[in-house]
Each structure stands twice: as C-alpha cells, then as structure tokens.
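# Observations on the three-dimensional arrangement
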Amino acid sequence: MKKSFLLICSLFVATVFSQEQLTQRVWRVNFLTPGIEYEMPIGNNSTLSIGVGIGYSGSYPHSSASGVDTGLVYAINPFLDLQQRWFYNFDKRKTKGLNITNNSANFISARILTRGKTLFGDDVVTDNLDFAVGPTWGIQRKYGKNFHFLFDMGPIYYFDVNGGHGFFPLMLQLNLGFDL
C-alpha cells in the first residue's frame, strides 16, 4: 500500500513540475457508451475526466445474487466514471508531427467507476450500487474536425455496499464520440 501511495505521489509531483502545459479542456458526447464527458487539465500532462451516462456492463463474480445462473449476464446501468490521466507521449507525437489536439496521446490513469441500479438486462445483483477502482493504460485520439476515439484497459478491484468484493483481471472501455 505504501508503494502504491508513493507511486501516485511521484506521478502527481512529476505532473505538477513538468515544463509545458499540453493538456486541454474538452467537452465530449460519447455514443458507443451514451453519455457526456468533461476532461479538464489539472497539470501540464495530466487531466481529470468526469463522465456520466448509461452503459452496457457485465456482472462481477461476487455481485450476482446467489443461486442465479443466467449464462451470459448483461445489464444496462447508469454510471459515473472518474479518471485522472497522465499523458506520457505528447513530446514524441509532436516530434513526429502527429496531432495532440484535445489530449490525443497515450496515458496511464487511476480510474473509479460507479454503477447504479440496473435499468434493464438479465443481471440479478445483490446491490444496486457498486464501485470499481484500478489503474488503466489507454489511448485517445481526435480524428478530423471533432471525432473522438478512446480505448483503455486495466485490472480492477470491485466492491458494493453489501460487502461483495473481488478482483477482476481486465476491464475494457471503448468510446466513440464527438468533441464539442
């Protein structure tokens, strides 16, 4: 735990004392996972992304009601997604003449995802509110005038209000949308 805390503090300090402000403030509308997102600079190479919407999700192993076996489990849930992103290849992209507009770069992040009550689907859960936290690696790009692409992945620790919890080895996120 101490090593994780020191790593996060080191990344924060490195972000704060970087030379050039490269991150930008961006509003987005996402369509693949319907919602809105606001990404704001909090450092020279770091942003805080806040997203809300309604998205597809699966069940975590400890969150399904006991005795329910529905096979492939899915649900449509409202969500709140918070990420602090540290972009690490702005300079390399600039040197190659590639676009860095609207934070087009690769990143690592600390992510917190909260899902609300299932709106519809076949996931029978023990609680109507759950959380997932973990590190991710990802890429985001702006194509053309305002088309946005984002992909990230990473392991998560999930938990709910009733005490269900566990580790899930890989959470994926794919978003397509438009920068406003």
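Residues numbered from 1 in each chain as written. Predicted model: local features only at pLDDT ≥ 70, side-chain atom pairs only at ≥ 80, totals over all residues. Heavy atoms only, no water.

Below, the discussion takes up the overall build of the protein. For the protein, the count of helices and strands is two helices and nine strands. Helices (α) and strands (β) of the protein occur, in sequence order from the N terminus, as α-β-β-β-β-α-β-β-β-β-β. When each of the 180 residues of the protein is scored for burial, the buried share is 41%. Total accessible area computed for the protein in this model is approximately 10,100 Å², and 68% of it derives from carbon and sulfur atoms. (Helix = DSSP H or I, 4+ residues; strand = E, 2+ residues; numbered from the N terminus. Buried < 20%, exposed > 50% of the residue type's maximum accessible area, 1.4 Å probe, protein only. Areas by Shrake-Rupley, 256 points an atom, 1.4 Å probe, with all protein chains shown as cover.)

To continue, consider the pattern of salt bridges. Taken as a whole, this structure holds eight salt bridges when the rule is applied. Among the ionic pairs, E39 bridges to R28, the shortest N-O distance being 2.7 Å. Here the residue E39 occupies a position in strand 2 (residues 35-43), and R28 occupies one in strand 1 (residues 26-30), the gap between them amounting to eleven residues. The burial state of E39 is the same as that of R28; both residues are buried. Note that R85 and E39 form a salt bridge whose closest N and O atoms lie 3.3 Å from each other. Here R85, found in strand 4 (residues 75-87), pairs with E39, found in strand 2; they are 46 residues apart in sequence, far enough to count as distant. For the pair R85 and E39, one class covers both residues: buried. Taken together, the shared-partner salt bridges in this structure form one network comprising R28, E37, E39, R85 and D179. (Salt bridge = Lys/Arg side-chain N within 4 Å of Asp/Glu carboxyl O.)

Okay, the confidence of the model for the protein next. Here the protein averages 82 in pLDDT, while 75% of its residues score no lower than 70. At the low end of the mean pLDDT range in the protein sits helix 1 (residues 2-16), at 53; at the high end sits strand 1, at 96. (pLDDT = per-residue confidence, 0-100.)

We now examine the environment of N103. Along the polypeptide, N103 turns up in the loop between helix 2 (90-95) and strand 5 (105-115). Assessed through its relative accessible area of 0%, N103 is described here as buried. When the C-alpha positions of N103 and R25 are compared, they lie 8.6 Å apart, and in sequence the two are 78 residues distant. If we ignore the near neighbours within four places in the chain, the residues touching N103 are L22, T23, Q24, V26, E39, T47, F87, F90 and Q140. (Contact = heavy atoms within 4.5 Å.)

Okay, empty space enclosed by the protein next. Gaps left between atoms are located by rolling a probe of water-molecule size over the structure's atoms. Per the counting criterion, the structure on display carries two cavities of 30 Å³ or more. One number sums up the size of the largest cavity: a volume of about 120 Å³. Lining of the largest cavity is provided by 16 residues; of these, E37, G51, D81, Q173 and N175 occupy positions nearest its centre. Where the lining of the largest cavity is concerned, the elements lending two or more residues are strand 2, strand 3 (46-57), strand 4 and strand 9 (165-179). It is strand 4 that provides the largest number of residues to the lining of the largest cavity, a total of five residues. Looking at the lining of the largest cavity residue by residue, the classes come out as five nonpolar, eight polar and three charged. (1 Å grid on protein atoms, 1.4 Å probe; cavity = no way out; pocket = protein on both sides within 12 Å on 5 of 7 lines; lining within 4 Å. Points joined across faces, edges and corners; volume = space filled by probe spheres on them. Nonpolar A, V, L, I, M, F, W, Y, C, P; charged D, E, K, R; others polar.)

This paragraph deals with a nonpolar patch on the surface. Taken together, the side chains of W27, I36, I50, V52, L80 and L180 make up a nonpolar region of the molecular surface, amounting to roughly 550 Å² of accessible area. Within the element layout of this structure, L80 appears in strand 4. Overall, the relative accessible area of 34% leaves L80 in the partly exposed class. (Patch = residues over 30% accessible without salt bridge, like charges linked within 9 Å, V, L, I, M, F, W, Y side chains within 5 Å.)

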